[in-house]
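Geometric and topological summary
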Amino acid sequence: MERAIYEELLRLPENRIGEIVNGRLHASRLLAPRATRTGSSLSFHLIAHYDHPQPDGWWILKKPEIHLGEHVLVPDIAGWRRERMPALPETAWFELPPDWVCEILSPGTARIDRVEKLPIYAGAGVRHCWLVDPDLRTLEAFENREGKWLLLDAFENDDRVRIAPFEAADLELATLWAD
């Protein structure tokens, strides 16, 4: 099988998100409205509480293109501690692995997010990962322990939570769901 190349990503239609995962091109549609609402609400909460220039601040970004070795991944949301990345890169992508990623699961992407992308994130040293399912109204929080994901906790519905690495402020899950 021929390995995908970056130029294939550039040729995708604008309504597709392209990634190269384990040498294969994956082109997914933009998030459905319910999932878009979830991602937007979560991004708004995190930016409001954590995206600031102080020493404990973060860069919180939606849909960043991240180059991790041969892989080109586009998590739904990602965050970098500003102490690790004081300034944004000049390139259109990131080569420094994020400290945290969030994947908003959909029927079309859940298998790739869980089975293919999670091990890549872990191997690259991403410390935290959240998997959010807007249909099931769940959030699973993982921490990277020696290249393996440890489930810290799972939350659902209208739980009010504090979750690593963003435990300084409550997150009301009810604000993430479209209903």
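Above: the structure in question.
Not measured: the values here are computed from a predicted model.

**Considering the sheet that holds strand β7 (residues 100-104)**
Sheet architecture is open: six strands sit in the order β3-β6-β7-β8-β9-β10, paired in mixed fashion. Sheet topology places β3 (58-62) and β10 (148-156) at the edges, where each strand pairs with a single neighbour. Here the strands of the sheet are splayed against their neighbours by 15° on average, with no regard to which way each runs. Direction of pairing for strand β8 (residues 128-133) relative to strand β9 (residues 138-145): antiparallel, over a ladder of six bridges. What sits directly across from histidine 128, in β9, is glutamate 143.

**Thoughts on the pairing of strand β2 (residues 24-29)**
Where strand β1 (residues 16-21) and β2 come together, six bridges link them in antiparallel fashion. The residue bridging arginine 16 from the neighbouring strand is arginine 29, located in β2. The turn linking β1 back onto β2 is made up of two residues, and asparagine 22 within it adopts a positive phi angle of 50°.

Definitions and limits used
- Residues numbered from 1 in each chain as written.
- Predicted model: local features only at pLDDT ≥ 70, side-chain atom pairs only at ≥ 80, totals over all residues.
- Heavy atoms only, no water.
- Pairing = 2+ DSSP bridges.
- Helix = DSSP H or I, 4+ residues; strand = E, 2+ residues; numbered from the N terminus.
- Axes fitted to C-alpha atoms, helices over the stretch in contact; angles between N-to-C directions.

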